[in-house]
Amino acid sequence: MKKLIVIIVILAIIFVGMIGYKNVVIKTRNIGIQEIEKIENCIEQIYMWKEVTKEALPCFEDINQADETWIWEVVKKNLEEYEISYEKIQEKAKEIFGENFTKQFPKEGMEYFSYNEENDLYYAIGMDLDQLDDAFLMNKITRTENGYEVEIIEYLEDYSESTTENRITLRNIEEEKIEEINLQDEGKINEIVKNNREKLDKKKIYIKNEGKKLIVQRVEKE
């Protein structure tokens, strides 16, 4: 009997560890670990960099009305090659944004996506990124009829002093300081974000099942 109790306790610890390792605070029932991972991957796929696209994740009612720079930078971020045809760019956009996506990539290219007339291909260009890492914490997941509603908390991890001072500064998306921690305490970030929830921006993401894929349908600010 004692062995059985020990095994149950160990399994419980492992389970809690699996939950804690993800960027999520579960406030819902009947949503499994694999579902959570799939939802997180879906959001991470489109979560960008504020310094490039103005917002890591803009709000939109319809993906075709979302900021164009953000849309095409999301596509570029998810490319497996950096020399690509127009058709493949459009295919990747449909893959990410779903069958309702109708926007057309500009034939002349964009700032970080240049067009080469000689070979009729587009080249993904590198960009300078700052030391503020755009991040989110999934705070609540609710199952809907055809997908999920997910509340996220947005924040920034500032590593600008990590090499000299061995610390990370957590900031809100306006870059105001929330809290400072040592690098070795990086595992406490989720807890700190939770505790400072009221000081941080929150968004609700509506995700739908489209075949075997999850597609972000709408994003709104809370």
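Being a predicted model, the structure only gives us computed values, none of them experimental. (Residues numbered from 1 in each chain as written. Predicted model: local features only at pLDDT ≥ 70, side-chain atom pairs only at ≥ 80, totals over all residues. Heavy atoms only, no water.)

J.: Run through the pattern of salt bridges, naming residues and quoting values.
T.: This structure, assessed with the given rule, holds 19 salt bridges. A salt bridge links Glu-81 to Lys-88; the shortest N-O distance between them is 3.8 Å. The exposure class assigned to Glu-81 is partly exposed, which follows from its relative accessible area of 38%. One network of salt bridges, with partners in common, ties together Glu-55, Glu-154 and Lys-203. (Salt bridge = Lys/Arg side-chain N within 4 Å of Asp/Glu carboxyl O. Buried < 20%, exposed > 50% of the residue type's maximum accessible area, 1.4 Å probe, protein only.)

J.: Tell me about the side chain of Gln-90, and name the residues and values.
T.: Structurally, the position occupied by Gln-90 is in helix α5 (residues 86-97). The contacts of Gln-90, once residues within four sequence positions are left out, are Trp-72, Lys-103, Gln-104 and Phe-105. (Helix = DSSP H or I, 4+ residues; strand = E, 2+ residues; numbered from the N terminus. Contact = heavy atoms within 4.5 Å.)

J.: Now, about unusual backbone geometry: what can you tell me, with residues and values included?
T.: The backbone of Lys-54 shows a phi angle near 75°, a positive value even though the residue is not glycine. Tracing the backbone through its elements, the reader meets Lys-54 in the loop between α3 (50-53) and α4 (68-77). Of note, Asp-120 is a non-glycine position whose phi angle comes to about 55°, a positive value.

J.: I'd like a rundown of the pairing of strand β9 (residues 201-210), residues and numbers included.
T.: The buried fraction of β9 amounts to eight of the ten residues, a majority that puts the element mostly inside the structure. As paired strands, strand β6 (residues 147-158) and β9 are joined by eight bridges and run antiparallel to one another. Counterpart to Glu-154 in the pairing with β9 is Asp-201. With eight bridges connecting them, β9 and strand β10 (residues 213-221) associate as antiparallel partners. If you follow Glu-210 over to β10, its bridge partner there is Lys-213. (Pairing = 2+ DSSP bridges.)

J.: Give a detailed account of the nonpolar core, specifying residues and quantitative values.
T.: If you look at the biggest cluster of nonpolar residues, it comprises 40 residues, and the most contacted ones within it are Ile-43, Trp-70 and Phe-97. For this core, the secondary structure elements donating two or more residues are α2 (33-46), α4, α5, β5 (132-143), β6, β9 and β10. Those residues in contact with Trp-70, other than ones at most four positions away along the chain, are Ile-46, Met-48, Thr-53, Glu-55, Ala-56, Leu-57, Pro-58, Phe-60, Ile-63 and Phe-97. By size, the runner-up hydrophobic cluster in this structure holds 13 residues, among which are Ile-153, Tyr-155, Tyr-159 and Val-193. (Core = buried A, V, L, I, M, F, W, Y, C linked by side-chain atoms within 4.5 Å.)

J.: Lay out the pairing of strand β8 (residues 177-182) with the relevant residues and their values.
T.: Where strand β7 (residues 167-171) lies against β8, five bridges are found, and the strand directions are antiparallel. Its bridge partner lying in β8, Ile-168 is registered against Ile-181. Between the antiparallel neighbours β7 and β8 lie five residues, among them Glu-175 with a positive phi of about 75°.

J.: How would you explain the packing of α2 against α4 if you had to name every residue and give the values?
T.: Packing of α2 against α4 leaves a shortest axis separation of 8 Å and a crossing angle of 115°. Residues Glu-44, Gln-45 and Ile-46 of α2 form the contact with α4, whose own contacting residues are Trp-70, Val-74 and Lys-77. Here the contact of α2 with α4 is composed, by residue class, of three nonpolar, one polar and two charged. (Axes fitted to C-alpha atoms, helices over the stretch in contact; angles between N-to-C directions. Nonpolar A, V, L, I, M, F, W, Y, C, P; charged D, E, K, R; others polar.)

J.: Please provide a residue-by-residue account of the side chain of Asp-134, values included.
T.: Looking at where Asp-134 falls in the secondary structure, it is placed in strand β5. Summary of buried charges: Asp-134 has no salt-bridge partner, and the nearest side chain of opposite charge, Lys-50, is 5.7 Å away. At 3.3 Å, the side chain of Asp-134 and the backbone nitrogen of Lys-50 are in polar contact. Excluding residues within four positions of it along the chain, Asp-134 makes contact with Tyr-47, Met-48, Trp-49, Lys-50, Glu-51, Ala-56, Tyr-155 and Leu-156. (Lys, Arg positive; Asp, Glu negative; His and termini not counted. Polar contact = N/O pair within 3.5 Å; in protein donor to acceptor, adjacent residues only side chain to side chain.)

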